[in-house]
Every structure is written in structure tokens, then in C-alpha cells.
Amino acid sequence: QGPLVESGGGLVQAGDSLKLSCFVEGLYPMGWFRQAPGKEREFVAAINRNGDVTVHGDSVEGRFSISRDNAKNTVYLQMNDLKVEDTAVYYCARGRGRFAGRWAENYDVWGQGTQVTVSA
């Protein structure tokens, strides 16, 4: 296992919910990104070390929510009202500094990815 361990992906139907988890050793700003086949990597959400600052991508705003439980060394991505276009491999990433934000270059460690497939 690497420094980041993701879990929670799967196959769901449109309108369903799914919660991804990412175990991270140490206290870092964290983010979630996704990549669908044939598309560029897309920012999904980011959270600072304390968990009191978050930002979400435009395409998931209002449906997805990032959070963390530092006592459990885990960052979560709650995904509600899933759509077919949310189908992708989802990656958690460990950032630098206090808050890494939307930019992939601010993250230096990436998880192995977990597949989320949403059927119509």
C-alpha cells in the first residue's frame, strides 16, 4: 500500500449516492480529482488540513461534499445525485502547504484511483 489508500468506488444507478474514502498518513491538505476515458483530469474537491476550508468543482457543486476525520486519518467524498457523466476513475491526492486548491501541480502524492460507474 502507498501513502494514500482509496476505497468506496463501485457501480451505481443515476440518482444514487456513493461515499469515497481516502486514508492518508499525516496531516496534509487533500483533494479529489477524476478522469474519464478520453478526457483530461478534472478537479473535484479540496480541503485544508483542519477541514474548515473546502472548495468544489463547478460540475459537482451542490451534489458532492468533501470532508475529513483527522482522528481516523481519512478524507471523504460524499457523492449525491450521481449522473452518468460522473463516471470516472477518482483519485485522492495529497497536497502541499495549508491548502492546495484546484491545481494538480499543488499535489505531490496520488492514490491508485477507484472506479465509479454510474448507469442510466
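Please refer to the structure higher up on the page.
Worth saying up front: this structure is predicted, and the values here are computed from it rather than measured.

S.K.: Explain the nonpolar core residue by residue, including any values.
M.R.: Taken as a class, soluble globular proteins show a tendency for nonpolar side chains to be buried jointly. Counting 25 residues, the largest nonpolar core has W32, V44, F64, L77, M79 and Y90 as the members making the most contacts within it. Elements supplying a minimum of two residues to this core: β3 (18–24), β4 (30–35), β5 (42–47), β7 (64–69), β8 (74–79), β9 (88–95) and β11 (114–119). Broken down by element, the residue count for this core peaks at 4 residues, all from β3. With 8 residues, the next largest nonpolar core counts F33, A100, A104 and Y107 among its residues.

S.K.: Which residues make up the sheet that holds strand β1 (residues 4–7), and what values go with them?
M.R.: Spatial strand order, β1-β3-β8-β7: 4 strands in an open sheet with antiparallel pairing. Edge positions in the sheet fall to β1 and β7, since each has one partner strand and no second. Recorded for the sheet is a direction-independent mean angle of 15 degrees between the axes of neighbouring strands. Strand direction decides the pairing type here: β1 and β3, joined by 4 bridges, are antiparallel. What sits directly across from V5, in β3, is F23.

S.K.: Run through unusual backbone geometry, naming residues and quoting values.
M.R.: For N73, which is not glycine, the phi torsion reads 55 degrees and is therefore positive. Even without a glycine there, the phi angle at D81 is positive, about 50 degrees. Position of D81 relative to the elements: it lies in the loop between β8 and β9.

S.K.: Describe the pairing of β11, naming the residues involved and giving the relevant values.
M.R.: The side chains of a regular strand alternate between both faces of the sheet. Of the two faces of β11, the one holding T114, V116 and V118 is buried and the one holding Q115, T117 and S119 is not buried anywhere. Both strand β2 (residues 10–13) and β11 contribute to a ladder of 4 bridges, which runs parallel. Pairing of G10 across the sheet is with V116, part of β11. In terms of strand pairing, β9 meets β11 through 3 bridges, oriented antiparallel. Each residue of the ladder has a partner; that of V89, found in β11, is Q115.

S.K.: Requested: an account of the packing of aromatic side chains, with residues and values cited.
M.R.: Evaluated as defined, the whole model comprises 4 aromatic pairs. Geometrically, the ring pair formed by F33 and Y107 is edge-to-face, given 5.2 Å between the ring centres and 80 degrees between the ring planes. Remark: Y107 occurs in strand β10 (residues 107–110) and F33 occurs in strand β4; sequence separation between them is 74 residues. Looking at Y107, the relative accessible area reads 4%, which means it is buried. Stacked on the ring of Y76, the Lys or Arg K19 has its end atom at 4.5 Å from the ring centre. The ring of W110 carries the charged tip of R41 above its face, separated from the ring centre by 4.5 Å.

Rules used in this analysis
- Residues numbered from 1 in each chain as written.
- Predicted model: local features only at pLDDT ≥ 70, side-chain atom pairs only at ≥ 80, totals over all residues.
- Heavy atoms only, no water.
- Core = buried A, V, L, I, M, F, W, Y, C linked by side-chain atoms within 4.5 Å.
- Buried < 20%, exposed > 50% of the residue type's maximum accessible area, 1.4 Å probe, protein only.
- Helix = DSSP H or I, 4+ residues; strand = E, 2+ residues; numbered from the N terminus.
- Pairing = 2+ DSSP bridges.
- Axes fitted to C-alpha atoms, helices over the stretch in contact; angles between N-to-C directions.
- Phe/Tyr/Trp six-rings, centres within 6.5 Å; stacked < 30°, edge-to-face > 60°.
- Lys NZ or Arg CZ within 6 Å of the ring centre and 35° of its normal.

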